[in-house]
Structure formats: structure tokens, C-alpha cells
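Listed here are the chains, written in short residue letters.
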Amino acid sequence: ENERKRKELFETYSKREVVSEAIEILALLEQEEEALHVLQRENKNLSERFKDAQEVFVREENKSKLKKDAYEEALRNQRRAAIGIAASMLVPGEPCPVCGSLEHPNPAKVDEGILSEEEMETLKLEMEAQERVVSEKHNEALTLKVKVEEMAKNLNEKETLTKEKRDNLSKIPD
């Protein structure tokens, strides 16, 4: 009789231990799942910020290209204008100051609407400022990309831990 009671007590005590362990695992699992949900929301937010940063970078890069193209076109026009100005000073029968020819069958024309030195400097400064913006936006996007990659790694680790805890909970006998 005592042996049977001892056995019953032992079984009851063992079941209590199993239930207590299951409750602890369940509490930990709930904490892990909440932490996982928080990480998932943070990951989504960070991914959206990264996408936005990429879009801003592309827009700013396009603006930079337009400014660079405008500056380079103005430089080309200015050079052509300089040639036209020099050509307007040619005197028939006198040597060309560039090539020395005495004949000038088709001299370059002076282009109208050439930018002043101040306007050229302004274009150049705007182009350089835009290049700095592009660099800044590129760095912001790269920083966010690294954070997104780190977050994805952390999220994967959390998902693995949570799955392991779920599996451990399912292994506890009824």
C-alpha cells in the first residue's frame, strides 16, 4: 500500500514538474513571439525607409546628371563662342592667330546666348552641390541597406529560436 502511494506521489510530482516546465516554456514562447512580432514590424518599417531612400537617391542622381549635362553643354557653347569671337577678329589677307593661314574661307560664327563667367560659376556650383546631395543620399541608402540586412539576420535568428521553443513545447507529454 505504501509503495503504491509512493508511486502515485512520485507520478503526481513528476506531472507537476512537467506542467511547471511547460508553463515556463509557454511563457518564454509568448515573450519570444511578441519580440518576433516587434522585430517583424521594425523590419517592415526599415525596409520601407530603405526603399524610400533608394527612390530619393535615384531622383537626386537624375537631377545631378541633368545639372552636369547642362554645365557641360554650357562649357561646349562657351568654347564654340570663343572660337567664333576669335574668328570675328580675322582680317582678310592677314595670318590666322591659330593656324597661320592667310585665307579664311569659312570662319566660325559667334553664338548668341552664351553664359557669362558668373553664370558658368553658378552652374558649376549648383552641379557640385547636387553631387554632394547625391553622395549623401547614397550613403543614407547604404546605411539603411546594412541595417535591413542586419535586421533580416536578427529576424531569422528569432524565428529559429521561436520555432525551437514551439517544438520543445510540443514534445511535452500530455
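See the structure above.
Here is a short report on the structure shown in this document.

The rules behind the values
- Residues numbered from 1 in each chain as written.
- Predicted model: local features only at pLDDT ≥ 70, side-chain atom pairs only at ≥ 80, totals over all residues.
- Heavy atoms only, no water.
- Helix = DSSP H or I, 4+ residues; strand = E, 2+ residues; numbered from the N terminus.
- Expected span 1.5 Å × (residues − 1).
- Buried < 20%, exposed > 50% of the residue type's maximum accessible area, 1.4 Å probe, protein only.
- Contact = heavy atoms within 4.5 Å.
- Axes fitted to C-alpha atoms, helices over the stretch in contact; angles between N-to-C directions.
- Parallel < 35°, antiparallel > 145°, perpendicular 65-115°, else oblique.
- Left-handed = near helix turned anticlockwise from the far one by under 90°.
- Nonpolar A, V, L, I, M, F, W, Y, C, P; charged D, E, K, R; others polar.
- Patch = residues over 30% accessible without salt bridge, like charges linked within 9 Å, V, L, I, M, F, W, Y side chains within 5 Å.
- Areas by Shrake-Rupley, 256 points an atom, 1.4 Å probe, with all protein chains shown as cover.
- Salt bridge = Lys/Arg side-chain N within 4 Å of Asp/Glu carboxyl O.

Quick look at helix H2 (residues 117-170)
Step number 1: With 54 residues, H2 extends 79 Å from end C-alpha to end C-alpha; this agrees with the ideal 80 Å at 1.5 Å per step.
Step number 2: Among the residues of H2, Met120, Met127, Gln130, Val134, Lys137, Ala141, Leu144, Val148, Met151, Leu155 and Thr162 are the ones counted as buried.
Step number 3: Summarising the contacts, the buried residues of H2 are in contact with helix H1 (2-88).

A closer look at the packing of H1 against H2
Step number 1: For the pair H1 and H2, the least separation of the axes is 6 Å and the interaxial angle reads 160°. With respect to their mutual orientation, H1 and H2 come out roughly antiparallel. Crossing of H1 against H2: the hand is left-handed.
Step number 2: Among the residues making up the contact of H1 with H2, the classes are represented as 30 nonpolar, 10 polar and 20 charged.

Re the environment of lysine 137
Step number 1: Mapped onto the elements of the fold, lysine 137 is located in helix H2.
Step number 2: Separated by 76 residues in the primary sequence, lysine 137 and glutamate 61 have C-alpha atoms spaced 8.9 Å apart.
Step number 3: Those residues in contact with lysine 137, other than ones at most four positions away along the chain, are Val56, Phe57 and Glu60.

Some words on the side chain of asparagine 43
Step number 1: By secondary structure assignment, the location of asparagine 43 is in helix H1.
Step number 2: The contact partners of asparagine 43, leaving out residues within four places of it in the chain, are Val148, Met151, Ala152 and Leu155.

Considering a nonpolar patch on the surface
Step number 1: Residues Ile85, Met89 and Val110 make up a contiguous nonpolar surface patch of roughly 280 Å² in combined accessible area.
Step number 2: Overall, methionine 89 belongs to the exposed group, its relative accessible area being 58%.

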